[in-house]
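Topology and contacts: notes
Residues per chain, in single letters:
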Amino acid sequence: MDTKSQSSYQEKALELLIADADKIAKLIRVQMEHLTMPQCPLYEEVLDTQMFGLSREIDFAVKLGLLEREKGRQILDSLEKELSALHDAFTEK
């Protein structure tokens, strides 16, 4: 595989991972807007499943050499910060 193709795959992988992370962030923001109980079992299960799936996607991209491990960690960290904000907002309510 030439360098141009590798770079193109890396860009596409990052683009797809960020799109998936954005979907999860949107889920978190919707929950924050409604400030319904974040400990709702259905909400927790959906969010846990989505976060687990994204972490698996990131691991796969890292193993293929399409993503730096640190960039993947940054994506997950930003989502975890939003989750933390949701829990803080709910507990302050």
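As a convention, each chain's residues are numbered from 1 in the sequence order in which they are written. It should be noted that, the model being predicted, local features are given only for residues of pLDDT at least 70 and side-chain atom pairs only at 80 or more, the latter also being counted only at that level, while totals for whole chains, interfaces and linings use all residues. For side-chain calculations, the full set of non-hydrogen atoms in the structure is used, while hydrogens and water are omitted.

**Comments concerning the nonpolar core**
- Core analysis: the biggest nonpolar cluster contains 20 residues, and L17, I24, I28, L47, L54, I58 and L79 have the highest contact counts within it.
- Every helix listed is a DSSP run of H or I at least four residues long, and every strand listed is a run of E at least two residues long, numbered separately from the N terminus. Broken down by secondary-structure element, the contributors of at least two residues to this core are helix 1 (3-34), helix 2 (41-63) and helix 3 (69-92).
- If you tally residues by element for this core, the top one is helix 2, at seven residues.
- Here, residues are in contact when the closest pair of their heavy atoms is within 4.5 Å. In contact with I24, other than residues within four places in its own chain, are L47, Q50, M51, L54 and L79. As used in this record, nonpolar core signifies buried Ala, Val, Leu, Ile, Met, Phe, Trp, Tyr and Cys residues forming a set joined through side-chain atoms within 4.5 Å. When a residue's accessible area, from a 1.4 Å probe over protein chains only, is under 20% of the maximum for its type it is buried; when over 50% it is exposed; and in between it is partly exposed.

**Thoughts on the side chain of S55**
- Structurally, S55 is set in helix 2.
- Assessed through its relative accessible area of 19%, S55 is described here as buried.
- Two N or O atoms form a polar contact when they lie within 3.5 Å of each other; inside protein one atom must be a possible hydrogen donor and the other a possible acceptor, and for residues adjacent in sequence the pair counts only when both atoms belong to side chains. A distance of 2.8 Å separates the side chain of S55 from the backbone oxygen of F52, its partner in a polar contact.

**Examining helix 1**
- Over its 32 residues, helix 1 extends 47 Å from the first C-alpha to the last, a length consistent with the 46 Å expected when each residue adds 1.5 Å.
- Listed in full, the buried residues belonging to helix 1 are A13, L17, A21, I24, A25, I28 and Q31. Expected helix span is given by 1.5 Å per residue-to-residue step, counting one fewer step than there are residues.

**Observations concerning the pattern of salt bridges**
- Within this document, salt bridges are pairs made up of a side-chain nitrogen of Lys or Arg and a carboxyl oxygen of Asp or Glu, the two lying within 4 Å of each other. Within this structure, the stated rule accounts for six salt bridges.
- With a closest N to O distance of 3.5 Å, K12 and E15 form a salt bridge. Taken together, the positions of K12 and E15, both in helix 1 and three residues apart, correspond to about one turn of that helix.
- Linking D59 and R69 is a salt bridge whose minimum nitrogen-to-oxygen distance equals 3.8 Å. Placement of D59 in helix 2 and of R69 in helix 3 is noted, with a sequence separation of ten residues between them.

**Remarks on the environment of M51**
- Structurally, M51 is set in helix 2.
- Ignoring anything within four residues of it in the chain, the contact list for M51 reads I24, L76, L79 and E80.

**Things to note about the confidence of the model for the chain**
- Put simply, the chain has an average pLDDT of 86, and 88% of its residues get 70 or more.
- Looking at the elements of the chain, mean pLDDT is at its lowest for helix 3, recorded as 86, and at its highest for helix 2, recorded as 89. The pLDDT score gives, residue by residue, the confidence of the prediction method on a 0 to 100 scale.

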